[in-house]
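Read off the chains here:
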Amino acid sequence: MYAMRHAPFVLGFLLAACGSVRDTRDAGLEAVVAPGRGGQDRSVTTGAVRLCPAMNNVEDDAARTYEVLLHGGLVLVPLDVGYGLVAIQEQAVQQIYELKGRPLTKPCVTVATAAIRDDVALPIDAEVLAWIDEVVRMTPLAVVASLDPESPLLASMSPYVRAQATQSGTIALFHNAGPLVQRLAELALADGRLVVGSSANLSGTGNSIALAEVPGAMRRAADLVIDHGPVWYGEEARLATTILNLTTGTFQRKGVNFRLIQRAWSARFPQHEAALAS
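Remember, predicted model here, so these are calculated numbers, not experimental data.

The rules behind these values
- Residues numbered from 1 in each chain as written.
- Predicted model: local features only at pLDDT ≥ 70, side-chain atom pairs only at ≥ 80, totals over all residues.
- Heavy atoms only, no water.
- Helix = DSSP H or I, 4+ residues; strand = E, 2+ residues; numbered from the N terminus.
- Buried < 20%, exposed > 50% of the residue type's maximum accessible area, 1.4 Å probe, protein only.
- Contact = heavy atoms within 4.5 Å.
- Areas by Shrake-Rupley, 256 points an atom, 1.4 Å probe, with all protein chains shown as cover.
- Core = buried A, V, L, I, M, F, W, Y, C linked by side-chain atoms within 4.5 Å.
- Axes fitted to C-alpha atoms, helices over the stretch in contact; angles between N-to-C directions.
- Parallel < 35°, antiparallel > 145°, perpendicular 65-115°, else oblique.
- Left-handed = near helix turned anticlockwise from the far one by under 90°.
- Nonpolar A, V, L, I, M, F, W, Y, C, P; charged D, E, K, R; others polar.
- Pairing = 2+ DSSP bridges.

Student: Would you mind showing me how to read the overall build of the chain here?
Tutor: For the chain, the helix and strand inventory stands at 10 helices and 12 strands. With 278 residues in all, the chain has 53% of them scored as buried. If you take every contact in the chain between residues at least 6 apart in sequence, the share linking residues at least 24 apart comes to 69%. Accessible area of the chain: about 11900 Å², with a carbon and sulfur share of 53%.

Student: Hey, could you run me through the nonpolar core in this one?
Tutor: What tends to happen in soluble globular proteins is that the nonpolar side chains get buried as a cluster. Leu-76, Val-77, Val-86, Val-120, Trp-131, Leu-141 and Val-195 are the most contacted members of the largest nonpolar core, which totals 72 residues. If you tally residues by element for this core, the top one is helix α8 (residues 179-190), at six residues. Contacts of Val-77, omitting those with residues within four sequence positions, involve Thr-65, Gly-82, Tyr-83, Gly-84, Val-86, Leu-180, Val-181 and Ile-226.

Student: Teacher, can you tell me more about the packing of helix α2 (residues 58-70) against α8 here?
Tutor: Pairs of packed helices are described in terms of their axes, by the angle between the two and the distance that separates them. Two elements in contact, α2 and α8, have axes separated by 9 Å at closest approach and are oriented at 55°. Overall, the two elements α2 and α8 adopt an arrangement that is oblique. Relative to α8, α2 is oriented so that their crossing is right-handed. From α2, Val-58, Glu-59, Asp-61, Ala-62, Ala-63, Thr-65, Tyr-66 and Leu-69 reach across to α8, where they touch Pro-179, Leu-180, Arg-183, Leu-184, Leu-187 and Ala-188. Its residues placed into classes, the contact of α2 with α8 shows 10 nonpolar, one polar and three charged.

Student: Is there a simple way to think about the pairing of strand β4 (residues 83-87) in this case?
Tutor: Consecutive side chains of a regular strand alternate in pointing toward one face of the sheet and then the other. Of all the five residues making up β4, five are buried; the element is thus mostly covered by neighbouring parts of the structure. Across the two faces of β4 the burial is the same, with Tyr-83, Leu-85 and Ala-87 and Gly-84 and Val-86 all buried. Here strand β3 (residues 75-78) pairs with β4 via four bridges, running antiparallel. Residue pairing in the sheet places Val-75 in a bridge with Val-86 of β4. Connecting β3 to the next strand, β4, in antiparallel fashion are four residues, including Gly-82 with a positive phi near 160°.

See below:
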């Protein structure tokens, strides 16, 4: 499942068997080799990619995690770029900031699916939406979008949680974060809720690529800890997710697969200068 979710795409069908390939020439994406879990390389090339599903029990872990979050708990989970802390209720969100030493002026990210994005964000240009949906089939990507003040999902948040999940009329939406959190977001969406979170490391330090690297205080504070071993992008300099600010058309953070994403954005939207925002 891990490799399938990150494979480059062609608008059509998915091949699920290990060893299957799909054409990527129509994607407009350059070749990239991304380290896989347990030291395996996942090769993404202009032409084809090998698909091989992982074996973790995502459905059960997502269900257990969601139950804890509903009751106000804090859960430590694996994402593809590092371990993270996720929450729904106010007390758990407060814990994230306290444990990380994170300034309250820095918002959490919201775990997103296309349906979540369409609810919480103001309408996005159709061509930009198509580009996002294409890119997130192969790599994690966070986008900053203008929030819809009439969103039913945002209305489900307490004032504190909403304040910490948004900033200046925008919201950061984390797409393709990993199989577990993506399924978690789907469960929350079915209940009219959102899952927010942040990386499980002290503010200003690199991502924790294995559970043992997560600060002990965070592991002890979590009401549930899910260990899936080393994360998918664990050998990429502990990079976080690349962030594209859709309100300005610029990249806000240079993270995993930044050059690949930047080239794809520039090729599709040459009117935007695909550079890091100052």
